[in-house]
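# Chain and residue survey
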Amino acid sequence: MRLFLLFGAMTLAACTTVRREPAPESISGVPAPIGFPSDIRFVSTDPEAIKSRFSEVLQRRRAASRDHALNILALSGGGAGGSFGAGALVGFSRYGNRPQFDVVTGVSAGALIAPFAFLGSAWDARLDENFSGNHSEHFLIPRWLGVLFRPGLYENEPLVRFVDDFVTDEMIEEVADQAALGRLLLVATTDLDKEETIVWDMGKIAAHGGKAAHNLFRDVLVASASIPGVFPPIIIPVDSAEGRYDEMHVDASATVPFFVAPALAYVLPLDPGTLKGANVYVIVNGQLGAKPQTTSVDTISILSRSFTAVLQHRARSEIALTSEFAQKYGMNLRLTAIPVSYPFQGPLDFHESSSQQLFHYGAECARAGKLWTTVEQLATHDENDLSAGIAQHQPVGKQPTPACPLGAADKPPQTSTKP
């Protein structure tokens, strides 16, 4: 990610910056978006916020659950790979045992899917409409000479329109209603000024109501998906004791690939009773490895492959941490990712045919009950796929139709409904 950010910095070195009110040298208290209370978000490194909010909300939600089971869904970044996660959720509904997720977290492309996942299977048709068709076909509109005057290689208007179209009043109202029942919808962005992950409580934003809630809800989603250097950052005006200023927010993947809980929660002492027996689902909207191939000797190819490599390795590291966290508190972890054998052309392949194919692949694997795996199964399958691809000397995109994440001989992870 550092290389990718460096690429963005070099590209923008001669550019005019976005007009903004700079932050004061020192800030007391917790700044909040103008017109909103400070508790709609927190910094992922704030131990008090994590301990109080995480434990309190989970205890309240478990008490309200009919079977006392707790279901958590984490959706990763991945750009165009988000079509996989969207299809997986639709197929999960068709399989017939998709739970109501008590906590949904989203990063980058996963943030765009998260509201649909949070609202449940009734929103599958709209999820299908937005992520399997041509809505993202024109995301990458080059700025050309415009890059000299504003940051970002590509226009952000198509992404803003895409999000604004599906963030309807109906969605805002339903998110607020579900949040009032104790459910959590959390989306992360990266605050570039602080160089920290910011976790936004989208239910509290929705509960605020009105145009201000709609605009902030949309802006947080757009910011979470705005790859730095590729799309312009999102400026969010905030209030602090020292006065008003502007924060700059970009893709959450700059700091975290996905999150079941903020990183500090993995080391803080939490109440075991709130998490024991919880079912944790992780959808990685990308691949965790890649078949070897010759990298072109040009700057874009080198930076692109470096960026992809960083994302893959950080996702694997986060999976390892999440696995340890789940074991520590007695949670049931199941995860999925795009297999190495799938001819995925990377996070910027927004062509309609690619999105449709990936969406239907995820949907079909989920419908067939071949989506969810264990950490060991997923690692073994990717290693076998890599070995087979090398032995057969088959270039990327020329392999037979890839198998689903869960192999034919594997047993699906068990789901617990007991506290």
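Predicted, not measured: the structure shown is a model, and the values here were computed from it.

Quick notes on the rules
- Numbering of residues starts from 1 in every chain and runs along the sequence as written.
- Where local features are concerned, this predicted model is filtered to residues with pLDDT of at least 70; where side-chain atom pairs are given and counted, the filter is 80 or more; whole-chain, interface and lining totals use all residues.
- Excluding hydrogens and water, the side-chain figures rest on all heavy atoms present in the structure.
- Per the convention used, a helix needs a DSSP run of H or I reaching at least four residues, while a strand needs a run of E reaching at least two, with both numbered from the N terminus.
- Summary of the burial criterion: residues with accessible area below 20% of their type's maximum are buried, those above 50% are exposed, and those between are partly exposed, where the area comes from a 1.4 Å probe applied to protein chains only.
- Working rule for contacts: check all heavy atoms of both residues, and any pair within 4.5 Å makes them a contact.
- In short, Shrake-Rupley with a 1.4 Å probe defines the accessible areas, and a residue's cover is counted only from the protein chains shown.
- Salt bridge, as applied in this entry: a Lys or Arg side-chain nitrogen positioned within 4 Å of an Asp or Glu carboxyl oxygen.
- The span you would expect from a helix comes to 1.5 Å times its residue count less one.
- Directions drawn from the helix axis to the C-beta atoms are what define this arc.
- Angles shown run from 0 to 180 degrees and are taken between the N-to-C directions of axes, each axis being a line fitted to C-alpha atoms and, for helices, limited to the stretch in contact.
- Oblique is the label for every angle not falling under 35 degrees (roughly parallel), over 145 degrees (roughly antiparallel), or within 65 to 115 degrees (roughly perpendicular).
- Gly is placed with the polar residues, together with every amino acid not listed as nonpolar (Ala, Val, Leu, Ile, Met, Phe, Trp, Tyr, Cys and Pro) or charged (Asp, Glu, Lys and Arg).
- Each residue carries a pLDDT score, the predictor's confidence in it, ranging from 0 to 100.
- We define a polar contact as two N or O atoms separated by no more than 3.5 Å, with the added condition that, inside protein, one atom must be a possible hydrogen donor and the other a possible acceptor, whereas residues neighbouring each other in sequence contribute only through side-chain atom pairs.
- Note on definitions: the grid is 1 Å and covers protein atoms alone; a cavity is a set of points where a 1.4 Å probe fits but cannot get out; a pocket is an open set with protein on both sides within 12 Å along at least five of seven lines; lining residues have an atom within 4 Å of a point.
- Grid points are joined across faces, edges and corners, and a volume is the space filled by probe spheres set on the points.
- In this description, a disulfide is simply a cysteine sulfur pair whose atoms lie within 2.5 Å.
- By definition, any crossing whose near helix is turned counterclockwise from its far helix by less than a right angle is left-handed, and any crossing with a clockwise turn is right-handed.
- What makes a nonpolar core is a set of buried Ala, Val, Leu, Ile, Met, Phe, Trp, Tyr and Cys residues whose side-chain atoms join them at distances within 4.5 Å.

On a plain count of helices and strands, the protein comes out with 12 helices and 10 strands. Every one of the 419 residues in the protein was classed for burial, and the buried ones make up 53%. Taking contacts inside the protein between residues at least 6 apart in sequence as the whole, the part at least 24 apart equals 80%. Looking at the protein as shown, the accessible area adds up to about 18300 Å², and 55% of this sits on carbon and sulfur atoms.

Our next topic: the pattern of salt bridges. Per the stated rule, a full pass over the model turns up 10 salt bridges. Each of Arg-41, Asp-191, Lys-194 and Glu-247 takes part in salt bridges that share partners, so that together they form one network.

Although it is not a glycine, Ser-108 sits at a positive phi angle of roughly 55°. Here Ser-108 lies in the loop between strand 4 (103-107) and helix 4 (109-119). Judged by its relative accessible area of 4%, Ser-108 falls in the buried class.

What follows is about helix 4. Residues spaced three or four apart along an α-helix face the same direction, because each turn holds 3.6 residues. Burial of helix 4 is extensive: 11 of the 11 residues sit out of reach of the surface. Taken residue by residue, helix 4 has Ala-109, Gly-110, Ala-111, Leu-112, Ile-113, Ala-114, Pro-115, Phe-116, Ala-117, Phe-118 and Leu-119 as its buried positions. A positive backbone phi angle near 95° is found at Gly-120, which sits one or two residues after helix 4.

The terminal C-alpha atoms of helix 7 (residues 169-180) lie 17 Å apart, and with 12 residues this matches the ideal 16 Å at 1.5 Å per residue to within 8%. Where helix 7 is concerned, the buried positions are Met-171, Ile-172, Val-175, Ala-176 and Ala-179. The arc that holds every buried residue of helix 7, seen down its axis, measures 130°, which confines them to one face. In helix 7, the exposed positions that point more than 90 degrees away from the buried face belong to Asp-169, Glu-173, Asp-177 and Ala-180. In this structure, the buried residues of helix 7 make contact with helix 4, helix 6 (157-166), strand 5 (184-191), helix 8 (202-208) and helix 9 (210-224). Phi turns positive, to about 105°, at Gly-182, one or two residues after helix 7.

Moving on to the packing of helix 4 against helix 9. Between helix 4 and helix 9, whose axes approach to 6 Å, the crossing angle comes to 140°. With respect to each other, helix 4 and helix 9 are oriented oblique. In contact with Ala-111, Leu-112 and Pro-115 of helix 4, helix 9 contributes Phe-217, Leu-221 and Ser-224. Partitioned by chemical class, the residues of the contact of helix 4 with helix 9 number five nonpolar, one polar and no charged.

Turning our attention to the confidence of the model for the protein. The predicted coordinates should not be examined in detail at positions where pLDDT is low. For the protein, per-residue confidence averages 82 on the pLDDT scale, and residues scoring 70 or more make up 78% of the total. Confidence drops under pLDDT 50 across residues 389-399; counting only partners more than four residues distant or on other chains, this segment forms 11 contacts.

Right, let's talk about the side chain of Asp-124 for a bit. Examined against the element boundaries, Asp-124 turns out to sit in helix 5 (residues 124-131). On the basis of relative accessible area, Asp-124 is assigned to the buried category, the value being 10%. A polar side-chain atom of Asp-124 sits 2.7 Å from a polar atom in the side chain of Ser-93. Non-local contacts of Asp-124, meaning those with residues more than four positions away in its chain, are made with Leu-89, Val-90, Ser-93 and Arg-98.

Another aspect to go through is empty space enclosed by the protein. Under the defined criterion, the tally for this structure stands at two cavities of 30 Å³ or more. What the second largest cavity holds in volume is close to 70 Å³. Every residue lining the second largest cavity is listed: Gly-77, Gly-78, Gly-79, Ser-108, Ile-227, Asp-251, Ser-253, Phe-307, Leu-311 and Pro-347.

Moving on, we get to the state of the cysteines. According to the stated counting rule, one finds one disulfide in the structure shown. Across the disulfide from Cys-365 sits Cys-404; the S-S distance is 2.1 Å. On the sign convention where negative means left-handed, the S-S torsion of about -85° between Cys-365 and Cys-404 marks this disulfide as left-handed. Taken together, the positions of Cys-365 in helix 11 (residues 352-367) and Cys-404 in the segment after helix 12 (375-392) put the pair 39 residues apart, joining distant regions of the chain.

Where helix 3 (residues 82-95) contacts helix 5, the axes come no closer than 10 Å and their chain directions differ by 155°. Considering their axes alone, helix 3 and helix 5 lie roughly antiparallel with respect to each other. By crossing handedness, the relation of helix 3 to helix 5 is classed as left-handed. Contacts between helix 3 and helix 5 involve Ser-83, Ala-86, Leu-89, Val-90, Ser-93 and Arg-94 from the first element and Asp-124, Leu-127, Asp-128 and Phe-131 from the second.

Right, let's talk about the nonpolar core for a bit. Counting residues in each nonpolar core, the largest one holds 62 residues, and the members touching the most others are Phe-217 and Leu-221. Counting residues per element, this core draws most heavily on helix 4, which supplies eight residues. Not counting chain neighbours up to four residues away, the residues in contact with Leu-221 comprise Ala-111, Leu-112, Pro-115, Val-163, Phe-166, Val-167, Val-187 and Met-202.

Note that Phe-258 resides in the loop between strand 8 (243-250) and strand 9 (279-284). Along the backbone, Phe-258 and Ile-283 are 25 residues apart, and their C-alpha atoms lie at a distance of 8.8 Å. Apart from residues no more than four positions distant in its own chain, Phe-258 is found in contact with Ala-74, Leu-75, Ser-76, Val-107, Val-282, Val-284, Ala-315, Glu-318, Ile-319 and Thr-322.

Summarising the element assignment, Ala-366 is placed in helix 11. Taking relative accessible area as the criterion, Ala-366 reaches 3% and is therefore assigned buried. A C-alpha to C-alpha distance of 10.0 Å links Ala-366 and Thr-336, two positions 30 residues apart in sequence.

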